[in-house]
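Coordinate inspection notes
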Amino acid sequence: MAITDPLALQVLAIAKEAGDKIMDIYDRDFAIYEKQDTSPLTEADLAAHKSIVAGLEAMSELPILSEESADISWDERKTWDKYWLVDPLDGTKEFIKKNGEFTVNIALIDGGKPIMGVVYAPALGKSYVGVVGQGAWTETAAGVNPISAQPHQPGELWKVVGSRSHQSPEIQNLLAQLEGETELVAMGSSLKLCLVAEGEAHLYPRLGPTSEWDTGAAHAVALAAGADVTVLDAADPLNSDAEALTYNQKESVLNPYFLVSA
């Protein structure tokens, strides 16, 4: 089964080109800088950012919000209804550790909702593509396969995604509320959302800080695969009436806590 959406294919090509630039740097020693918030910034972030922005600007006149060009005022951003949301290298810490669990994230946001997303893990040779209303797929050297979220079945082991770099004690509270045995599946970057999208996990609770560019692309993949991404109340994490996670609806680009569920 092939990915036929022309826009998604264009964005996938842009993500792969950025991934190539990342891998050129990944395979050698690289410089590490510090951002104002003290998170690591590598040459690879900047090279991927420039590549993606050039690619998107060549095919679209929509505005672009990237982690590496995030100093766009709220007065300007709040006028955007449709725009590109980009994290050129999500999982910089995983990149520095050289464990392969980092991604290129490109999302198309419309009316505060992600409608299309590409997540490319260049070191793993794997892409996730989601077009809401059409479907979600993975692409590897072996080919393209459709994916779908798989809800937990009674008596089944709960597979819950956790972060390799950020662990939160509130996770234990959520696990305690699940009926039956649980297994914590560790993963870095936006691949955590993708694990739920492809049926490899049932839940991904995020009870720690993230920004909108960290989640937009994988959020689109999850929605396209039939999963839900909702705002999470740490006191009531399994609230089924929780509101959907949205984008560009406030001055801050920080996400609230959220839950990805099959």
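These figures come from a predicted structure and were not determined experimentally.

**Let's talk about the overall build of the protein**
When helices and strands are tallied, the protein shows seven helices and 14 strands. Taken over C-alpha atoms, the radius of gyration comes to 17 Å for the protein, in line with the 18 Å a tight globule of 262 residues would show. C-alpha atoms of the protein, sized along the principal axes, occupy 50 × 45 × 40 Å. In the protein, which comprises 262 residues, the proportion classed as buried is 52%. Long-range contacts, defined as pairs at least 24 residues apart, comprise 66% of the intrachain contacts of the protein with a sequence gap of at least 6. For the protein, the computed accessible surface area is about 11700 Å², with 49% contributed by carbon and sulfur atoms. When the 18 positive and 39 negative side-chain charges of the protein are each reduced to one mean point, those points stand 4 Å apart.

**Considerations on helix α2 (residues 43–59)**
With 17 residues, α2 should reach 24 Å at 1.5 Å per residue; the first-to-last C-alpha distance of 25 Å fits that figure. Buried residues of α2: Ala44, Asp45, Ala48, His49, Ser51, Ile52, Val53, Gly55 and Leu56, and no others.

**What to know about helix α1 (residues 6–26)**
Here α1 spans 30 Å end to end across 21 residues, near enough to the 30 Å set by a 1.5 Å rise per residue. The complete set of buried residues in α1 reads Ala8, Val11, Leu12, Ile14, Ala15, Ala18, Gly19, Ile22, Met23, Ile25 and Tyr26. For α1, the N-terminal capping position is held by aspartate 5, with its side-chain oxygen 3.2 Å away from the main-chain nitrogen of leucine 7.

**A few points about a negative patch on the surface**
On the surface, a cluster of negative charge is made up of Glu17, Asp20, Asp24 and Asp27. Residue placement: aspartate 20 occurs in helix α1. By relative accessible area, which is 47% here, aspartate 20 ends up partly exposed.

**Description of the packing of α1 against α2**
Orientation of α1 relative to α2, taken along the N-to-C sense of each, is 155°, at an axis distance of 9 Å. With respect to α2, the axis of α1 lies roughly antiparallel. Relative to α2, the crossing made by α1 is right-handed. For the pair α1 and α2, contact is made by Leu7, Gln10, Val11, Ile14, Glu17, Ala18, Lys21, Ile22 and Ile25 and by Glu43, Ala44, Ala47, Ala48, Ser51, Ile52, Gly55, Leu56 and Met59, respectively. Of the residues contributing to the contact of α1 with α2, the split by class is 12 nonpolar, three polar and three charged.

**Quick word on the UniProt feature "binding site: Mg(2+) 1" (unreviewed entry) in the protein**
UniProt marks Glu67, Asp87, Leu89 and Asp214 with the feature "binding site: Mg(2+) 1" (unreviewed entry), using the numbering shown here. A maximum C-alpha distance of 9.2 Å places the annotated residues, which cover 148 residues in sequence, within one compact spot. Positionally, glutamate 67 belongs in the loop between β3 (64–66) and α3 (74–77). For aspartate 87, a relative accessible area of 0% corresponds to the buried category. Those residues within four positions of aspartate 87 in sequence are excluded, and the remaining contacts are Glu67, Thr103, Val104, Asn105, Trp213 and Asp214.

**With respect to the pattern of salt bridges**
Scanning the model with the defined rule gives four salt bridges in all. As a salt-bridge pair, glutamate 198 and lysine 126 come within 3.1 Å of each other at their nearest N and O atoms. Within this pair, whereas glutamate 198 is found in the loop between α6 (191–197) and β12 (203–206), its partner lysine 126 is found in strand β7 (residues 126–131), the two being separated by 72 residues in sequence. Between lysine 250 and glutamate 212 there is a salt bridge, and its shortest N-O distance comes to 3.4 Å. Note that lysine 250 is positioned in the loop between β13 (228–231) and β14 (258–261) and glutamate 212 in helix α7 (residues 212–224), a separation of 38 residues in sequence. Residue classification places glutamate 212 among the buried residues on the basis of a relative accessible area of 1%.

Each value, and the rule that gives it
Residues numbered from 1 in each chain as written. Predicted model: local features only at pLDDT ≥ 70, side-chain atom pairs only at ≥ 80, totals over all residues. Heavy atoms only, no water. Helix = DSSP H or I, 4+ residues; strand = E, 2+ residues; numbered from the N terminus. Rg over C-alpha atoms; globule rule 2.2 N^0.38 Å. Buried < 20%, exposed > 50% of the residue type's maximum accessible area, 1.4 Å probe, protein only. Contact = heavy atoms within 4.5 Å. Areas by Shrake-Rupley, 256 points an atom, 1.4 Å probe, with all protein chains shown as cover. Lys, Arg positive; Asp, Glu negative; His and termini not counted. Charge placed at Lys NZ, Arg CZ, Asp CG, Glu CD. Expected span 1.5 Å × (residues − 1). Polar contact = N/O pair within 3.5 Å; in protein donor to acceptor, adjacent residues only side chain to side chain. Patch = residues over 30% accessible without salt bridge, like charges linked within 9 Å, V, L, I, M, F, W, Y side chains within 5 Å. Salt bridge = Lys/Arg side-chain N within 4 Å of Asp/Glu carboxyl O. Axes fitted to C-alpha atoms, helices over the stretch in contact; angles between N-to-C directions. Parallel < 35°, antiparallel > 145°, perpendicular 65-115°, else oblique. Left-handed = near helix turned anticlockwise from the far one by under 90°. Nonpolar A, V, L, I, M, F, W, Y, C, P; charged D, E, K, R; others polar. UniProt positions renumbered as here; feature names shortened; annotations may be inferred.

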